[in-house]
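# Architecture at a glance
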Amino acid sequence: MTFSETILSWYRENKRELPWRDTKDPYRIWLSEIILQQTRIAQGTPYYEKFLANFPTIEHLSNATEAEVLKLWQGLGYYSRARNLHATSKTVVQKYGGKFPSNYIELMGLKGIGDYTASAIASICFDEPRAVVDGNVYRVLSRYFGVEIPINSTKGVKYFKALAQSVMDAEHIGDYNQGTMEFGAVQCVPKSPDCPRCPLNKSCLALQKNLVDRLPVKMGRIKVRKRYFNYLVVMDRAGKTQLRQRLGKGIWENLYEFPKLDSDRELKQKQVESSLSEVLQLEEPPLVYQYGKGQVVHKLSHLHLHTKFWVVETCAELKNGVALSDLEHYPVPVLVANFISSFKNHYF
DNA sequence: AACTCGGGGTG
DNA sequence: CACCCAGAGTT
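Remember, predicted model here, so these are calculated numbers, not experimental data. (Residues numbered from 1 in each chain as written. Chains lettered and ligands numbered in written order. Predicted model: local features only at pLDDT ≥ 70, side-chain atom pairs only at ≥ 80, totals over all residues. Heavy atoms only, no water.)

## Things to note about the pattern of salt bridges
Applying the stated criterion across every chain, the model contains 15 salt bridges. In this structure, K308 engages E266 in a salt bridge whose closest nitrogen and oxygen atoms are separated by 2.8 Å. Of this pair, K308 sits in strand β7 (residues 303-313) while E266 is found in the loop between β5 (260-263) and α13 (269-279), placing the two residues 42 residues apart along the sequence. A relative accessible area of 7% places K308 in the buried class. With a shortest N-O distance of 4.0 Å, K344 and E328 are connected by a salt bridge. Here K344, found in helix α14 (residues 334-347), pairs with E328, found in the loop between β8 (322-323) and α14; they are 16 residues apart in sequence, far enough to count as distant. Overlapping salt bridges bring together R16, R21 and E182 as one network. (Salt bridge = Lys/Arg side-chain N within 4 Å of Asp/Glu carboxyl O. Helix = DSSP H or I, 4+ residues; strand = E, 2+ residues; numbered from the N terminus. Buried < 20%, exposed > 50% of the residue type's maximum accessible area, 1.4 Å probe, protein only.)

## Examining the nonpolar core
Across soluble globular proteins, nonpolar side chains have a tendency to be buried as a group. Core analysis: the biggest nonpolar cluster contains 95 residues, and F3, W30, W73 and F258 have the highest contact counts within it. Membership of the second largest hydrophobic core comes to 12 residues, among which are L267, L280, V288 and L318. (Core = buried A, V, L, I, M, F, W, Y, C linked by side-chain atoms within 4.5 Å.)

## Quick look at the UniProt feature "domain: HhH-GPD" (unreviewed entry) in chain A
With numbering aligned to this structure, UniProt lists the feature "domain: HhH-GPD" (unreviewed entry) at residues 35-186. Secondary structure across residues 35-186 divides into 67% helix and 0% strand, with the first and last C-alpha atoms of the span separated by 19 Å. (UniProt positions renumbered as here; feature names shortened; annotations may be inferred.)

## A word on the protein's contact with DNA strand B
Close to DNA strand B lie 21 residues, the nearest being Y78, T154, I251, W252 and H298. Of what DNA strand B places within 4 Å of the protein, 58% of the atoms are sugar or phosphate. With respect to DNA strand B, the side chain of Y79 contributes an N or O atom lying 3.2 Å from a phosphate oxygen. Split by residue class, the surface near DNA strand B holds nine nonpolar, 10 polar and two charged. (Near = heavy atom within 4 Å. Polar contact = N/O pair within 3.5 Å; in protein donor to acceptor, adjacent residues only side chain to side chain. Nonpolar A, V, L, I, M, F, W, Y, C, P; charged D, E, K, R; others polar.)

Shown next as structure tokens:
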């Protein structure tokens, strides 16, 4: 049996039933692929169901506001996916009459759709012979064919794309692509794979060369930076607080948060008090105290955010104040959502 | 080619 | 703690 024959055979026996498995509807496949980018199935599936329930068709999605889409996306991370999802829904409705383009080239022209996603949609929905290369495929191919080229190098990306394209089954491309990824997710797992019970173990080069636990090769990652966030939770006479939308490029774009003092080192009470005017415009000196003790350390892949929340009580009345009970309507980073949840419990 | 962009699960 | 997850876009 060839590589692809074994993959297809294994897939028919072992495929999991997932909500997007039994459809070729481009809207649903696209939605699932965007949600699953850099995201585990267990984490993404509830969001897939949620989006489909709120937006049964691409027209529903295109008629929503970006804030509504971001709110539904809250907690999933990589928020550009949500913004691009919304933008592309409008493009498909307006430029393509609500019907997804049916080939790789045109799909690549849509926001948020790159080589992987265009290949996935084209192959699954339209049977176009395009091999996908995701994290699972890198692992399966590098091991089975004993490839030691770093998967995150320019050379590696090209090599694995070409290799995948050369070993695919063009006649069953949808199942082949999903099967290879499923195989990587279930059988050829990153750590301690069960090689003795692998259907490819007779011809796997990594297994023969004892390289299974060293493949795929990945170049060194970026070091983690530290940032110090000081959120200013204003409480005015009417019990309202202040929220701001993050504008411009960067992390959490278009999400909401409290006014914030940002530093490369920890700020103490006095420094926070003396810097208040940089972010807040208050008539009189407010009462400032830290909510809780120590710092919340919110860990992102490349950033550790050491965060303090400061309650700023003022006797004035804010112009654009937000009631605590309305906070839940705004899309906010998980870091902020966790605080709000704790803060509410503390006061009510 | 190197960086940025999130949050959660796993051993 | 390091590593990984059905990657894409920008610099």
